[in-house]
Amino acid sequence: MLSNVSPISRDVGLAQTRYSSPEDLSVRQSVAAYMREIAAMNESKFILPGYRELDRKRIMLRRQADRYETCGLEYAVIGCKDCKRSFLGPRRCESRICETCARKYSARIRQRQQQIVHSLQPTKRKRLAMLTLTKKSHPRYRPTSSDVRELFRNARKLINHFWPKRLGCGAFAVMEIGANWNLHIHVLLYGHYVPQSRISEYWNKLTGDSPVIDIRSIKKPGQAVNYLLKYITKPKKFNDPKETAHYVNLLLGVRRIHSYGIFYGQGLLPKTGCPCPLCGGKLQLQKFDPGPMMPETARFFAEVFKMEDSPGAIN
Ligand SMILES: [Zn+2]
Ligand SMILES: [Zn+2]
């Protein structure tokens, strides 16, 4: 152990005061309560086919409820195994309905996606386009996760049918839930021209009831990425916390961005697990704690990264 590491704690204040607001908390609590209610509703006493899947989702939903409710209320304390310093950051929920976390997520993938899209030069035969696939909604029916998965399966079939990888095409797709729970898939596409009527016909065939599609080409690649990320950065807002809870349940286990063709398998997220910002050593999660007592050597991650801009400030 280094000699300058002492066991005396310093008062860093509560994580809550630093990272969250009280209004925020009451919304989170009511949404989380409904999430737990939905989880409880799906508790099955019968061992029927499918119960395992339901059980798994129930556990996921409860876990999400706990995390969403406590996002920003605790510090994540991370220690360096080598220099023995501690770093503090907010404990985050990574939930899609959490604005802070959604913003963070899209910032992480934006850069990579910009790179990919900018590397694609429009050619005589290929261009960038935005394609919207709409699924007809039914009154008094709220779609389930399996509907969402089926919709993405159909989108994949359509994309591979018209714009397969072997022709050098690719696509990214995200989902949007509109008013009355109707589902759209927004696709950023790199490929050749196909008449709208043909796409519509094929989409209708795949879905059985939905001929509505829209396709338009994009001039500026930057716009294309913004268009796609909009649906991830800005979580859908419901006035009713119950609806928000259903929305979370709907998206459980559904990936946020799907990629196809030449984009398939291209890592969009940078690898996590960074080294110690001060010594390059190995970091390890130590605990979550609401505060205020923290190790004396603790520094805020935010502080450290700012200090890094001015070399020599750290010793
Ligand atoms: Zn270190
Ligand atoms: Zn969060």
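Residues numbered from 1 in each chain as written. Chains lettered and ligands numbered in written order. Predicted model: local features only at pLDDT ≥ 70, side-chain atom pairs only at ≥ 80, totals over all residues. Heavy atoms only, no water.

## Quick word on the nonpolar core
Residues L131, L133, L158, W163, I185, V187 and I199 are the most contacted members of the largest nonpolar core, which totals 50 residues. The element that contributes the greatest number of residues to this core is helix α5 (residues 145-162), accounting for 7 residues. Residue assignment places this core across two domains, with domain 1 (9-94 + 271-307) and domain 2 (107-261) each supplying three or more. Non-local contacts of W163, meaning those with residues more than four positions away in its chain, are made with L131, L158, C169, L189, G191, H192, V194, I199 and I215. Core analysis: the second largest hydrophobic core is formed by 21 residues, M130, Y190, Y227 and I257 among them. (Core = buried A, V, L, I, M, F, W, Y, C linked by side-chain atoms within 4.5 Å. Buried < 20%, exposed > 50% of the residue type's maximum accessible area, 1.4 Å probe, protein only. Helix = DSSP H or I, 4+ residues; strand = E, 2+ residues; numbered from the N terminus. Domains from an automatic or database assignment. Contact = heavy atoms within 4.5 Å.)

## Things to note about the coordination of the zinc ion (ligand 2)
Only C71 (SG), C93 (SG), C98 (SG) and C101 (SG) from the protein coordinate the zinc ion (ligand 2), and they sit 2.2 to 2.4 Å from it. In this structure, the zinc ion (ligand 2) is coordinated by 4 donor atoms arranged in tetrahedral fashion, with angles at the metal of 104 to 114 degrees. Here the donor residues of the zinc ion (ligand 2) share one chain and are spaced in sequence as C-x21-C-x4-C-x2-C. Exposure class is identical for C93 and C101. Each is buried. (Donors = N, O, S within 2.8 Å, 3.2 Å for Na, K, Ca; no water. Tetrahedral: all angles 85-135°; square planar, octahedral: opposite > 155°, others 65-115°.)

## Here we look at the sheet that holds strand β9 (residues 283-289)
As summarised here, the arrangement of the 4 strands in space is β9-β2-β3-β11, forming an open sheet in which the pairing is mixed. Since the sheet does not close on itself, it has two edges, and those belong to β9 and β11 (298-300), each with one partner. Strand-to-strand twist in this sheet, taken as the mean axis angle between neighbours without regard to direction, amounts to 30 degrees. Inspection of the sheet shows strand β2 (residues 75-80) paired to strand β3 (residues 86-90) by 5 bridges, in the antiparallel sense. Looking across to β3, one finds that I78 is bridged to F87. (Pairing = 2+ DSSP bridges. Axes fitted to C-alpha atoms, helices over the stretch in contact; angles between N-to-C directions.)

## Re empty space enclosed by the protein
This structure, assessed with the given rule, holds 1 cavity of 30 Å³ or more. Considering the residues around the largest cavity, the lining is formed by 14 residues, among which R96, M175, Y231, Y247 and L251 are closest to the centre. Elements represented by at least two residues in the lining of the largest cavity include exactly β5 (170-177), α7 (221-233) and α8 (241-251). For the lining of the largest cavity, the element with the highest residue contribution is β5, accounting for 3 residues. (1 Å grid on protein atoms, 1.4 Å probe; cavity = no way out; pocket = protein on both sides within 12 Å on 5 of 7 lines; lining within 4 Å. Points joined across faces, edges and corners; volume = space filled by probe spheres on them.)

## Regarding the coordination of the zinc ion (ligand 1)
On the protein side, the zinc ion (ligand 1) has C80 (SG), C83 (SG), C276 (SG) and C279 (SG) as donor atoms, found 2.3 to 2.4 Å from it. Note that the zinc ion (ligand 1) binds 4 donor atoms; their angles at the metal cover 101 to 116 degrees, and the shape is tetrahedral. All donor residues of the zinc ion (ligand 1) come from one chain, and their arrangement in sequence is C-x2-C-x192-C-x2-C.

## Brief notes about the domain arrangement of the protein
It is common to give the size of an interface as the accessible area lost on bringing the parts into contact. Assigned domains within the protein: domain 1 (9-94 + 271-307) and domain 2 (107-261). Between domain 1 and domain 2, the contact holds 14 residues from the first and 13 residues from the second. Across the domain 1 to domain 2 interface the summed buried area is about 1,100 Å²; carbon plus sulfur atoms make up 68%. Interface area lost by domain 1 to domain 2 is led by Y34, I38 and K57, which between them contribute 40%. For the pair domain 1 and domain 2, the number of links is 0 salt bridges. The interface formed by domain 1 and domain 2 contains 1 residue pair in polar contact (both at pLDDT 80 or more). Within the residue set of the side of domain 1 that touches domain 2, elements represented by two or more residues are α2 (22-41) and α3 (51-69). (Buried area = accessible area lost by both parts, 1.4 Å probe. Salt bridge = Lys/Arg side-chain N within 4 Å of Asp/Glu carboxyl O. Polar contact = N/O pair within 3.5 Å; in protein donor to acceptor, adjacent residues only side chain to side chain.)

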